[in-house]
Structures are given as C-alpha cells and as structure tokens.
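# Structure at a glance
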Amino acid sequence: MSKSQPIFIYGITIKDDRGKLKNCQLCGVKFTMSVKEHQCKRCKRAVCDKCAPNKAIVQKADGVSKKAHRLCNFCKDESDSLKRFLEQYKISFNKDSFSQQWLQSFGTDITKAKNDFFNALDDAKLCKDTNAYDIFKAKLEVVINDIDGFVNYSIKEFIVNALKNVEPQRQKEVVKTSILKVAGTLLLLYPQIGYSHEIVLITYFLLCFASEASAYILLTAIYAHILPSQLYPKSNTKYDLVNEYAIVVGVLKDALQVDLNDMTVIKSFLQQKLKNYLLTLGINLFLFETTFFIISSVLTSGSNGYMDLMAQMAILCSLSNQELQKNKFNHEETELFMLRQLRTNQLSVLQKQIQNCDFESYKKVYITSRSDSIQVDNLILSTRQSMIKPDIQKVSEINQKLQDQVDRRDQEMKKLNYEIIQLKDKIKQLQKENSALLNQQQNNDAELYKVKLHELRIDNSVLKSQIEKLNNEISKYKLQIEEDSKSKVTKPKTETIDSDYENDLEEISQFKLKYEQQIRNLKKQAEEKKQQNQPNQIQIDEMKENYENKIKLLQKQIFQLQQQNNNTDEVRDLKIQNQQLSMKLEKMKDEKNKSELIQQKNDEIDLLTELNEELTKENQRLSKQCRDLKSQSGASSAQQIKVLEEENKLLESKIEQYNQIIKELATNIEKVKVEKQKQLEFSDLKIKQKDDLEDVKQVAEIRTVQNQILKGLLKENQTQLSELIIAITQMRQILEKSKLLKL
Ligand SMILES: [Zn+2]
Ligand SMILES: [Zn+2]
C-alpha cells in the first residue's frame, strides 16, 4: 500500500476567513482601526480583541504548537471543559470508563466482554485469510500515521489528551496495535462487513473509553445491531436511505415542530450529508462533547441505536435550522456551523422533547424495512460466536422491561389526565348549574314582582278612581254646603254628611295601610329569597375550590412522575455543572486579571523584542559588511587605509593652514575696512575746508589712488578666498570617502 493513495475520512473543511469578514464571528462587533481582527488558531474564527484575550498552546497537524497562539473564548471554554471531562471520568486510551454502561445496554458486561474477546482472538487465528489481514494492516499504518491531518481540532485535542499516559514516541504504535487487534479481529471474523477508514475511526474513538475487549464487543454491536448491513463498506447494493430521511423529517416535524416551509432545505441537506453522518456515527463532524453525547446516547439505546442516531440528526438539524435556511443549499457552510457551534447543553434540551415524541410508528416503518437483513446477519454472526444470540434475548428482555415501565407510566399518566378532564367537566357542569340557578332565581323574582306590581297598579288605579269619586263627592258636598249656607239649611244634615265623608276617608287610609303592609311583606319575601340563595353560592364556591385543589395536587403528582425518571440524573448533572461553572467563574476572574496584566507585559515585551531584533539585525548587517570589506581587500586595504589616513592627516593639517590663512585674510579685510572708514571720515573733514581747494584736490587724488589700490587688494583677497573654499570642500569630500572606506 503506497503512501500516495488518498486517505479520506469524512471531515469538515475549515475555511480561513481572516481579512474577509467585517464583523467578529463571536460577538458581531465591527472590525475597525481600534477594533482589531484576530484569528483563533484553533477554530479559525475571525474574532475581536475582547473575544480572544487568551493565548494557548494549540494542536496543529504536526503536533503541539511551539508558541502560544491566540484562542477565542468559545474554544477556550470548550477546550477547558474537554480537559475537565477527561479528568473527571479518568478517560484514558485502552481503559474501561464509559464502556461498562454501554455494554450493559447490549446485555453484557466487561467480564463477559473479556471472555468473548479472548475467544474471538482465538477464532481469528484460525482464519486462513491472512491476505485481507495484511492489507488491513497496511491501510491502518497509513491512516494512523496521518490521523492528525484529518480529525477536527476538538477531536484531535481529545485524542491527544486521552493518550497522555503513553510515551509520545510510542503512541502511534500503541494505537495501531490496539486498533489492529480490535477492528482486525472483527473484519477477519465477519468479512461481510469489509474495511473502511470509518471503522478505524470508530474503533479509535471507542478505545478512548474502553479496553480492547470492551471496544471489540461494542464495535461488533455497532455493526450487528445499530448500522444496517446495507451500510457495510462491503455492501454492493446501492442503499437509498429513503426510510432514514423519512424518519429524520418525521421527528423534525412531529417532535421538534420545525416549520414545514423549512423542510425543502433540510431535506436537501440530509440527502447530501446523512449517509456520511450515519457511517461515521457523527465522529469528526462535531466538537468532541457533541460527538460523545451522540455516541453515548446511541450506545445506551442498545438495539434502538440506529433510531436514536437518526433522532440525534433531527436534533442537530433543528438546532441549525436558522443557519440552514440562511445558507440555503450551501451545506458546507451549515456543516461548519454545526462543527463550531453546537454544544451538548443545547442537544440535551431537545433530547427530552424527542423522548416525549411517539416515534414507535417510525420504528415500525423502519424495522419492517430492515428486519430481513438483521436476521441474516445475526445468523452469520451466531454461527461464529455465541455472544450475539443470548444478547438479543437479554436485550429484548431489558427492552421489554423498559417498555413495560414506560407503558405503566403512560397508563398512569393517561389515567390521571382522564381524571383531570373529568374533574374539569364536573366543575364546568357545576358552574353551569350555578349560573342556571341564579338565572332562575332572578327570573322568578322578577316574575313575582311583576305580578305584584301589576296587582298593586290595579289596586292603585282602583284607589285613584275611588279617591276621584270621593273628591267629586266632596266637591259636590261643598257645593251643597255652600248652597245650604245660602239657603240656611239645618245643621244635622251637614253632620251626617260630614260623618259619611270621614268614614270614607278612614276606609281609604286603611286601604293605604293594607297595601303598604303588602308591599313591605313582598320586599321582605324577596330579601329572604335572596338570602336563601346565598348559601347555595358559598357551597358551589367551596366545591370549586376543592376540585381546583385536587387538580393542582394531581398536576403536581404528574409533574413529579415526569421528573422522577430524569430528576436524579439532572440534579447530578446540574450540580456538577454548577460546580464547574463556579469554578470556572473563579478561574476566569483570576485569569482575567492575570491575563490583562500579562497581555500588557507581553505587548511591551513584544515591542521591545521587535526593537531589539531590528537593532540586532542592523548591527549584524553592519558588522557583516565590515567583515566583508575587510576580507575582500585583506592586507592591501589595510595599507590603503594607512595611506588614506596619512593623506587624511595631511589634508586635515592643510585645512588647518587654510583656515589660518582665511582667518588672517579676514582680519586683513577688517583692517582695510577700518582704514577705509577712517579715510572716509577724513575726506569728509577735508571737504568741509572749502577755502583750501588745493588741499582738497590733493586729498581727492590721494583718495582715488588709495581707493584703486584697496579695490585691487579686495578683489585679490576675494578670489583667493573662493579658491580656498573650493579646495576645502574637495578636501572634505575626500575625507568623507576615506572614512567610509575605513568602515
Ligand atoms: Zn468579538
Ligand atoms: Zn476558536
């Protein structure tokens, strides 16, 4: 097997976006002159100062980095939690840690696994096909040598840390030997599976949580119980995954309530990526913790592992849906997002949502579509080993037990729900009755009042007519009295009339009293009725409250029942998380202070180092030049330099001399100037003596002659001076050159 053959385990390309993005990929702040762009050397995100204040040693393709590199906050946190995880669960290569609970879900344990592996190794020895084994060995050699080149940064960091207990120079050999034993035995005993790089990767990952024996049993379980034979590397049939797409989409729709409008993009993503995801069990597609979450969930699901794997994919799609829709059909971008961004806490939230979903129906669809292949495989496997057969029985027993528990809980829930519904109905009914009664009461009262009012009205009108009649009679009597008084009628007659009238009045007032009494009675009756009604209302209220309390109690019970299953785990997880968080917070506070100081110091040192480097470089360059010059000309140049130095001295003394001359000349000129001044003063005086013309003429003559002489002298001096200046500059140039040469 040549090294040039391409090694390919499905992985995600991490683009280098440095300088291409306008905003920080973590906090979104815009890069400006003051907000500098950095690159996280682990995830390659473009990040701002604030989002990447730390530097750390980073895992590179060729091992650990020598220098500390910038690390974004997301990576820092993820890397720290990865290391804590390794420490907390004492994860180490070829050592049983999580394997115990995974083996349990396949109805076996570490002791049994050891025994089975021992037998399998024996069986494998009997296999005649050493050719296939040799090929596998050669391929494995290449894959393990290059493994750092194709696993993602998080998985790489995990693997490196899991191997910490093995000496660095022995690591590759140790890994190769173990994988060869585990995967090699499987491939020899079950040639129908066939070799693929993914098997190496899966085995490698399992060996980080399991001894060779446990890893072997788990690997066998993955190919016998989880992955369908159509996905075996050797399978020649083209498997279209139609059922798988349907299940993932179904879970997305039903349990995760993803918008139906989003399905087009999601389906396209699944069509491109689901197969790779299934083949690798998600290893190398996500951050370590996410991968572990998926694998652990799949392996603890026993023979439901394949269903769980698809449900996990649905969760991952649901979590990335926004990104999926944003990237449309650029699925590589979404994959990159999934790798960099998805963390376990998000997954575990949706995991619960999925547990509430009834995907028994999907399972039925799926199992009918794959049951044949499973049976065939199991037959082949069981002819070689007894391990698989009793397992199935035990697994199905365990599953049955779990199913029974779930069923029982469901029934209890159903019963409680039913009771609640009944109680709610009862309350509704009672409320209805209550309002009906109230209505009736009101109606009744109104009816009664109406009748009474009507009666009273009638009585009233009768009274009114009677009063009118009486008034008429009164007025009649009054008239009569008036007439009588006019005609002087006898008194007795008036008396009888008066008494009649009084009697009538009495009767009327009695009537009035009677009716008033009646009205009072009626009012009283109404009041009593109302009061009679009141206790009724109280009773109803009490009943209502009673039922509401009962409902609350039942809801609480239901809630408790729901919680019971995951409560203990959750509380433990939360406690651990809490502890970890407070520790982290403490550390972060500490580290923040430290790192700020260190950053400052580092910056200073960087600056100084840079300066120093520059100076050293310059120095080196100069000394090199000097050395070069010296070596170029050797002894002769030394002589030359001597000559030049002598020449130089000579020139310097000459310059000195010239300078002296210049000085003398300058004093001469000064003297001449002074004399001239004196003469001028003198001549002025002479001019004033106008009376002696002769003298004046003589003086004038002398003056002209003197002037001419002085002018000549001055000219001579000036030319001498400029010549000297030229000579000096030439000297200086020569001096400069000789100095350079000396250097
Ligand atoms: Zn930022
Ligand atoms: Zn990063």
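Residues numbered from 1 in each chain as written. Chains lettered and ligands numbered in written order. Predicted model: local features only at pLDDT ≥ 70, side-chain atom pairs only at ≥ 80, totals over all residues. Heavy atoms only, no water.

### Let's talk about the UniProt feature "transmembrane region" (unreviewed entry) in the protein chain
Look at the UniProt record and you will see "transmembrane region" (unreviewed entry) annotated at residues 199-224 and 277-299. Span residues 199-224 is 85% helix and 0% strand, its end C-alpha atoms 13 Å apart. (UniProt positions renumbered as here; feature names shortened; annotations may be inferred. Helix = DSSP H or I, 4+ residues; strand = E, 2+ residues; numbered from the N terminus.)

### Some details on a positive patch on the surface
Positive charge collects at one region of the surface, where Arg18, Lys41, Lys55, Lys60, Lys66 and Lys67 lie side by side. Given the relative accessible area of 84%, Lys66 is considered exposed. (Patch = residues over 30% accessible without salt bridge, like charges linked within 9 Å, V, L, I, M, F, W, Y side chains within 5 Å. Areas by Shrake-Rupley, 256 points an atom, 1.4 Å probe, with all protein chains shown as cover. Salt bridge = Lys/Arg side-chain N within 4 Å of Asp/Glu carboxyl O. Lys, Arg positive; Asp, Glu negative; His and termini not counted. Charge placed at Lys NZ, Arg CZ, Asp CG, Glu CD. Buried < 20%, exposed > 50% of the residue type's maximum accessible area, 1.4 Å probe, protein only.)

### A closer look at the environment of Lys550
Positionally, Lys550 belongs in helix 18 (residues 491-688). Residues Lys550 and Ile420, spaced 130 residues apart in sequence, show a C-alpha to C-alpha distance of 8.8 Å.

### Here we look at the coordination of the zinc ion (ligand 2)
Within the protein, Cys40 (SG), Cys43 (SG), Cys72 (SG) and Cys75 (SG) serve as the donor atoms for the zinc ion (ligand 2), at 2.2 to 2.3 Å. Relative to the metal, the 4 donor atoms surrounding the zinc ion (ligand 2) lie at angles of 106 to 113°, and the coordination shape comes out tetrahedral. For the zinc ion (ligand 2), the single-chain donor residues occur in sequence as C-x2-C-x28-C-x2-C. Note that Cys43 is positioned in the loop between strand 1 (38-39) and strand 2 (46-47) and Cys72 in the loop between strand 6 (69-71) and helix 1 (73-88), a separation of 29 residues in sequence. By the burial criterion, Cys43 is buried, and Cys72 matches it. (Donors = N, O, S within 2.8 Å, 3.2 Å for Na, K, Ca; no water. Tetrahedral: all angles 85-135°; square planar, octahedral: opposite > 155°, others 65-115°.)

### Side note on unusual backbone geometry
Where the residue is not glycine, phi is negative for most of them; where a peptide bond is considered, it is trans in most cases. With a phi angle near 50°, Gln257 is a residue other than glycine that sits in the positive phi range. Tracing the sequence through the fold places Gln257 in the loop between helix 9 (242-254) and helix 10 (263-280). Residue Leu281 is not a glycine yet carries a positive backbone phi of 55°. Note on Leu281: relative accessible area 4%, which makes it buried.

### So, the coordination of the zinc ion (ligand 1)
The coordination sphere of the zinc ion (ligand 1), as far as protein atoms go, consists of Cys24 (SG), Cys27 (SG), Cys48 (SG) and Cys51 (SG), spread over 2.2 to 2.4 Å. Coordination geometry of the zinc ion (ligand 1): the 4 donor atoms subtend angles of 104 to 118° at the metal centre, consistent with an arrangement described as tetrahedral. Taken in chain order, the donor set of the zinc ion (ligand 1) reads C-x2-C-x20-C-x2-C.

### Quick word on the packing of helix 1 against helix 5 (residues 153-162)
The contact between helix 1 and helix 5 brings their axes to 10 Å, and the two run at 30°. Between helix 1 and helix 5, the angle falls in the class roughly parallel. Remark: the crossing between helix 1 and helix 5 carries right-handed chirality. Within the contact between the two elements, helix 1 uses Cys75, Glu78, Ser79, Leu82, Lys83 and Leu86 and helix 5 uses Tyr153, Ser154, Glu157, Phe158, Asn161 and Ala162. Of the residues belonging to the contact of helix 1 with helix 5, the class tally is 6 nonpolar, 3 polar and 3 charged. (Axes fitted to C-alpha atoms, helices over the stretch in contact; angles between N-to-C directions. Parallel < 35°, antiparallel > 145°, perpendicular 65-115°, else oblique. Left-handed = near helix turned anticlockwise from the far one by under 90°. Contact = heavy atoms within 4.5 Å. Nonpolar A, V, L, I, M, F, W, Y, C, P; charged D, E, K, R; others polar.)

### Focus on helix 5
Taken across its 10 residues, helix 5 has 9 buried, putting it largely inside the fold. Among the residues of helix 5, those classed as buried are Tyr153, Ser154, Ile155, Lys156, Glu157, Phe158, Ile159, Asn161 and Ala162. Contact partners of the buried residues in helix 5: strand 4 (59-60), helix 1, helix 4 (130-150), helix 7 (197-207), helix 11 (288-300) and helix 14 (331-341). Between a side-chain oxygen at the N-terminus of helix 5 and the backbone nitrogen of Ser154 the separation is 3.0 Å; the capping residue is Asn152. (Polar contact = N/O pair within 3.5 Å; in protein donor to acceptor, adjacent residues only side chain to side chain.)

### Quick notes on helix 10
Each full turn of the α-helix corresponds to 3.6 residues, which orients residues three or four apart in the same direction. Spanning 18 residues, helix 10 covers 24 Å between terminal C-alpha atoms, matching the ideal 26 Å at 1.5 Å per step. Those residues of helix 10 not exposed but buried are Met263, Val265, Ile266, Ser268, Phe269, Leu270, Lys273, Leu274, Tyr277, Leu278 and Thr280. Those residues of helix 10 hidden inside the fold are in contact with helix 7, helix 9, helix 11, helix 12 (305-319), helix 13 (321-327) and helix 14. Note on helix 10: the residue one or two positions beyond its end, Leu281, has a positive phi of about 55°. (Expected span 1.5 Å × (residues − 1).)

### Remarks on the side chain of Arg42
Relative to the helices and strands, Arg42 is located in the loop between strand 1 and strand 2. Here Glu78 takes part through its side chain, which lies 2.9 Å from a polar atom of the side chain of Arg42.

### Digging into a nonpolar patch on the surface
Together, Val705, Ile709 and Leu713 make up an exposed nonpolar region whose accessible area comes to about 260 Å². Inspection of the secondary structure assignment puts Leu713 in helix 19 (residues 693-742). Using a relative accessible area of 41% as the deciding quantity, one classes Leu713 as partly exposed.

### With respect to the pattern of salt bridges
Enumeration over the complete set of coordinates arrives at 13 salt bridges. When the shortest N-O distance is used, the salt bridge between Arg343 and Asp77 registers 2.8 Å. Placement of the pair is Arg343 in the loop between helix 14 and helix 15 (344-355) and Asp77 in helix 1, with a sequence separation of 266 residues. Residue classification places Arg343 among the buried positions, given a relative accessible area of 14%. Of the charged contacts, one joins Lys181 and Glu212 as a salt bridge, the two residues approaching to 2.9 Å between their closest N and O atoms. Remark: Glu212 occurs in helix 8 (residues 212-226) and Lys181 occurs in helix 6 (residues 171-189); sequence separation between them is 31 residues. The class of Glu212 is buried, set by a relative accessible area of 13%. Several salt bridges share partner residues, and in doing so they unite Arg42, Glu78, Lys83 and Glu157 into one network.

### Here's the deal with the packing of aromatic side chains
Using the criterion set out here, one finds 23 aromatic pairs in the structure. In this structure an aromatic cluster arises from ring pairing among Phe85, Tyr89, Phe98, Trp102, Phe158, Phe205, Phe209, Phe288 and Phe292. One cation-aromatic arrangement involves Arg45 over Phe74; the distance from NZ or CZ to the ring centre is 4.6 Å. Here the guanidinium or amino end of Arg343 rests over the ring plane of Phe74, the centre of that ring lying 5.7 Å away. (Phe/Tyr/Trp six-rings, centres within 6.5 Å; stacked < 30°, edge-to-face > 60°. Lys NZ or Arg CZ within 6 Å of the ring centre and 35° of its normal.)

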